[in-house]
Amino acid sequence: MRSDLVVIGGGPAGMAAAATALAGGLRVTLLDSGRTLGGQYWRHPAPGSVPTGDHLHHDLTTYRALVDVLDAHRVAGTLDLLLSHHVWTAVADEDGFAVHVLDRSGTAGSEVAEVIRGRQLVIATGAFDRQLPFPGWDLPGVFTAGGLQALLKGNGVAAGSRVVVAGTGPFLLPVATAVADSGARVLAVCEANSPTRWGRRVGAVVRSPAKAIEGAGYAVALARHRIPVRTSTVVVAAHGQARLEAVTLAAVDGVGRVRPGTERRVVVDALGVGWGFVPQLDLAITLGCRLLEWVDGNHVAEVDAGQRSSVAGVLVAGELTGIGGAALALREGQLAGESVLADAGRPPATAPARLVQVRREVERLRAFARAMAEAHPVPQAWTTWVQDDTVACRCEEVPAGRVRAAVAAGASDARQVKQLTRAGMGWCQGRMCGYAATCLAHEGPDGPGDRRPVDGGPTAYAPVERLVATPIPLGALAAAEFEAKGNSAM
Ligand SMILES: Cc1cc2nc3c(=O)[nH]c(=O)nc-3n(C[C@H](O)[C@H](O)[C@H](O)COP(=O)(O)OP(=O)(O)OC[C@H]3O[C@@H](n4cnc5c(N)ncnc54)[C@H](O)[C@@H]3O)c2cc1C
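Residues numbered from 1 in each chain as written. Predicted model: local features only at pLDDT ≥ 70, side-chain atom pairs only at ≥ 80, totals over all residues. Heavy atoms only, no water.

### Considerations on the sheet that holds strand 12 (residues 233-239)
And step 1. Taken in spatial order, the 3 strands make up an open sheet running 12-13-14, and their pairing is antiparallel. Both edges of this open sheet fall to strand 12 and strand 14 (264-267), since each of them pairs with a single strand only. Across the sheet, the mean angle separating the axes of adjacent strands is 30° when strand polarity is ignored.
And step 2. Two elements, strand 12 and strand 13 (residues 246-251), share 6 bridges in a ladder whose sense is antiparallel. (Pairing = 2+ DSSP bridges. Helix = DSSP H or I, 4+ residues; strand = E, 2+ residues; numbered from the N terminus. Axes fitted to C-alpha atoms, helices over the stretch in contact; angles between N-to-C directions.)

Encoded structure:
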């Protein structure tokens, strides 16, 4: 059976896109690799697990309204909701798209490969944490900031009892307050950048008062928990034998060079580090969607005002078009749903006046997202914190010194570094180390912190094509092929 629309990703963007297309009378399949709807923002424990509590969430009214709408359509038979289904690739076929999924809803080892077909496709696969290596970052007890948050929301688990949250960007604030709400002591939020960077961008804040109010709410929560926010401060090393025991904090200058004499050791048992997010573009790249460089050092999918990508029939919404948060993702999803309806010759599901308002809100929220990215860049000199024996690629256990040796031997980008060192060739396929390897490859003649300009703009990292977006057991593939051929080998 071919749906009118297949939506990949059940976060805010995907839920809104599906709900809009369903409201307009289309038949929709909504796929997510998780066991519940909500994506990263509204991550919930798997059904049957102990609830983690509403206090960890924002805007649950919208979430519940969307869940109710989707559930009503599922019961009515107009929505196929396929959770625990991981899309490993998607290709255009004669009448739309064939989406190749792995059904992981059963026990380990019983995965089933299937093909879901749809006339149009919305890709809303979100983002993952951007990571930077530093000495000790591979010790147990060191998490990404998103990882700390996901543990709390998905499992109700606080990663430690003495915690430091570090990196850059407003996302550190909800993580720190959520960890403190769970009973752990948050010793500091270390923000690498100076708040003065917002000085030239107050216009974007004034135009997004809801964001300013949200920020003020976190300031109150941090004060209530007595959590100090240390600006222009980074974690330069994590220490411990079998697991994390302490971190070294240091003050940095405007480009991220450590100010000598400011290093301070703090005893902790958990660290969350967040350097922003990287859009999960694998499927969009495989389908041939054109990408753009964005201000935060990422590539993002190019879309028109209706979220249409450069590939006919493929729409993209949420973090893939530029990291901008859940409010923007929701509205982009709604616009994508409306474009799907328009392209299917259907009338809009949203009232015209509201649609104009949503478009304006998207513009405003994108402007805020741009200001946020400019105010919270990854410090240019971050590679000065990396020692030669610091592991750069965790999957293939490649130390930074080997990457630097490859660069000295002539490697000029992450691809050549990969060929010479295997950095980026492992299980994660460069998702974790790709950005770092590229930055290391562009250290200038004066060594760490001296960044050579990258051809074509400020972005250091161009994502690579990964034809298989998630590992898939060969047995499941073989069984699907056998089925497709009508068991002809029997
Ligand atoms: C770990 C993490 C934690 C975060 N926590 C917060 C937070 O607490 N507060 C906040 O304001 N922002 C948070 N964010 C930022 C957040 O991603 C966005 O604000 C918002 O959730 C974006 O919505 P989205 O729909 O674009 O993507 P997401 O919410 O990320 O939804 C994408 C969905 O796509 C699914 N997916 C991805 N790839 C596939 C695939 N191949 N096959 C099937 N399904 C797939 C994922 O399972 C996910 O459910 C977090 C981000 C991350 C990475």
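From this point, the narrative continues.
### Quick word on the domain arrangement of the protein chain
And step 1. By the assigned domains, the protein chain splits into domain 1 (2-128 + 278-372), domain 2 (133-274) and domain 3 (380-451).
And step 2. Each of domain 2 and domain 3 has a C-alpha centre, and the two are 25 Å apart.
And step 3. Contacts between the two partners involve 12 residues from domain 2 and, on the opposite side, 15 residues from domain 3.
And step 4. Carbon and sulfur atoms make up 64% of the surface buried where domain 2 meets domain 3, a total of about 1100 Å² over both sides.
And step 5. Among the residues domain 2 hides against domain 3, the three largest losses belong to Pro133, Trp137 and Arg257. Together they make up 47% of the total.
And step 6. On inspection of domain 2 and its partner domain 3, the count reaches 0 salt bridges.
And step 7. Taken together, the links from domain 2 to domain 3 amount to 5 residue pairs in polar contact (both at pLDDT 80 or more).
And step 8. Tallied by class, the residues present in the side of domain 2 that touches domain 3 amount to 9 nonpolar, 1 polar and 2 charged. (Domains from an automatic or database assignment. Contact = heavy atoms within 4.5 Å. Buried area = accessible area lost by both parts, 1.4 Å probe. Salt bridge = Lys/Arg side-chain N within 4 Å of Asp/Glu carboxyl O. Polar contact = N/O pair within 3.5 Å; in protein donor to acceptor, adjacent residues only side chain to side chain. Nonpolar A, V, L, I, M, F, W, Y, C, P; charged D, E, K, R; others polar.)

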